[in-house]
Amino acid sequence: NAGVMQNPRHLVRRRGQEARLRCSPMKGHSHVYWYRQLPEEGLKFMVYLQKENIIDESGMPKERFSAEFPKEGPSILRIQQVVRGDSAAYFCASSPRTDIGNIQYFGAGTRLSVL
Amino acid sequence: AQTVTQSQPEMSVQEAETVTLSCTYDTSESNYYLFWYKQPPSRQMILVIRQEAYKQQNATENRFSVNFQKAAKSFSLKISDSQLGDTAMYFCAFMKLRDDKIIFGKGTRLHILP
């Protein structure tokens, strides 16, 4: 059973460009979470999605950031018009949500560098 | 709001020694989950151990064990017989019951020396 797959591992963008980060959850998992890790910091929650629904986006910046988890295909975190402050590692996690306190399984992250 | 504090930014110990990483948290919840995650140089986040606050018994996973003091809001991780592969960042984390967001501390960088 493959783990949570994120791609690309590294993404370089110039200021003003768009960044698209992909996350394929573990097989059988229908719940996806995105976290951001700034340098020398812990991970910070951004958004929680189920298939075709955003359940909790309380950690998402109000502008330029969006996320989706379509019926088919991976979850996408999209950052429009990137700025240097968006440089960070972005982690995706998934869970089967079969019990309370579900364990979230993390991918290896995408490191975004904005030039 | 919940907060997680790790007071040791960095630690080093010799291989085969025992090391304890500290963590305190603040919450008004009575039921919740606590976690320790390991992040090696590969950056992969790996769950080391999970504790349910309504269970008094401390969780253990092989060489990893916790000392959970609910009244003191303390959740330390003990690594016995440390190995070179234990070198990593360790994050203490909290999650409310019936919630979806994990709240992480800033991490402790652990070096195991040969």
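Structure first, text after, so check above.
Residues numbered from 1 in each chain as written. Chains lettered and ligands numbered in written order. Predicted model: local features only at pLDDT ≥ 70, side-chain atom pairs only at ≥ 80, totals over all residues. Heavy atoms only, no water.

(A) Region of interest: the overall build of chain B. If you tally the helices and strands in chain B, you get zero helices and twelve strands. Relative to a compact globule of 114 residues, whose C-alpha radius of gyration would be 13 Å, chain B shows 14 Å and is just as compact. Counting only C-alpha atoms and orienting by the principal axes, one finds that chain B spans roughly 40 × 25 × 20 Å. For chain B, the proportion of its 114 residues judged to be buried stands at 50%. In chain B, once contacts between residues fewer than 6 apart in sequence are set aside, the share between residues at least 24 apart is 55%. Of the accessible surface of chain B, which amounts to about 5,500 Å², a share of 45% is contributed by carbon and sulfur atoms. Across chain B, the centroid of the 13 positively charged side chains sits 6 Å from that of the 11 negatively charged ones. (Helix = DSSP H or I, 4+ residues; strand = E, 2+ residues; numbered from the N terminus. Rg over C-alpha atoms; globule rule 2.2 N^0.38 Å. Buried < 20%, exposed > 50% of the residue type's maximum accessible area, 1.4 Å probe, protein only. Contact = heavy atoms within 4.5 Å. Areas by Shrake-Rupley, 256 points an atom, 1.4 Å probe, with all protein chains shown as cover. Lys, Arg positive; Asp, Glu negative; His and termini not counted. Charge placed at Lys NZ, Arg CZ, Asp CG, Glu CD.)

(B) Up close: the state of the cysteines. All names here are of chain B. Throughout the structure, instances matching the rule amount to two disulfides over all chains. Here cysteine 23 is linked by a disulfide to cysteine 92, with a sulfur-sulfur distance of 2.0 Å. The sign of the S-S torsion, about -70°, decides the handedness of the disulfide formed by cysteine 23 and cysteine 92: left-handed. Of the two residues, cysteine 23 sits in the loop between β3 (19-21) and β4 (24-26) while cysteine 92 sits in strand β10 (residues 88-96), which places them 69 residues apart along the sequence. Here cysteine 23 and cysteine 92 have matching classes, each one buried. (Disulfide = S-S within 2.5 Å.)

(C) Representation of the layout of surface pockets. Considered as a void within the structure, the largest pocket measures approximately 380 Å³ in volume. Along the wall of the largest pocket there are 21 residues; nearest its centre are Arg111 of chain A together with Gln39, Arg43, Met89 and Arg109 of chain B. Of all the elements in the fold, those that place two or more residues in the lining of the largest pocket are β9 (88-95) and β11 (110-114) of chain A together with β10 and β12 (108-113) of chain B. Broken down by class, the residue content of the lining of the largest pocket amounts to eleven nonpolar, five polar and five charged. (1 Å grid on protein atoms, 1.4 Å probe; cavity = no way out; pocket = protein on both sides within 12 Å on 5 of 7 lines; lining within 4 Å. Points joined across faces, edges and corners; volume = space filled by probe spheres on them. Nonpolar A, V, L, I, M, F, W, Y, C, P; charged D, E, K, R; others polar.)

(D) A look at the sheet that holds strand β7 (residues 65-68) of chain A. Residue and element names in this part refer to chain A. Pairing within the open sheet is antiparallel, and its four strands lie in the order β1-β3-β8-β7. Only two strands of the sheet have a single neighbouring strand rather than two, namely β1 (5-7) and β7. Going across the sheet, the axis of each strand differs from the next one's by a mean of 15°, ignoring polarity. (Pairing = 2+ DSSP bridges. Axes fitted to C-alpha atoms, helices over the stretch in contact; angles between N-to-C directions.)

(E) Seen up close, the packing of aromatic side chains. Here the structure, examined in full by the defined rule, presents 15 aromatic pairs over all chains. Their ring planes at 90° and their centres at 6.3 Å tell us that phenylalanine 91 of chain B and phenylalanine 104 of chain B sit as a pair that is edge-to-face. Pair noted here: phenylalanine 91 of chain B is in strand β10 and phenylalanine 104 of chain B is in strand β11 (residues 103-104), with a separation of 13 residues, a long-range link. These aromatic residues form a ring-pair network of at least three members: Tyr35, Phe45 and Phe106 of chain A together with Phe35, Tyr37, Phe91 and Phe104 of chain B. (Phe/Tyr/Trp six-rings, centres within 6.5 Å; stacked < 30°, edge-to-face > 60°.)

(F) The pattern of salt bridges, seen in detail. Residues and elements named next belong to chain A. For the structure shown, the criterion picks out twelve salt bridges over all chains. The closest approach of N and O atoms between glutamate 41 and lysine 44, which form a salt bridge, is 3.7 Å. Look at glutamate 41 and you get partly exposed, because its relative accessible area is 23%. Residues joined by salt bridges that share partners form a network here, namely Glu18, Arg20 and Arg78. (Salt bridge = Lys/Arg side-chain N within 4 Å of Asp/Glu carboxyl O.)

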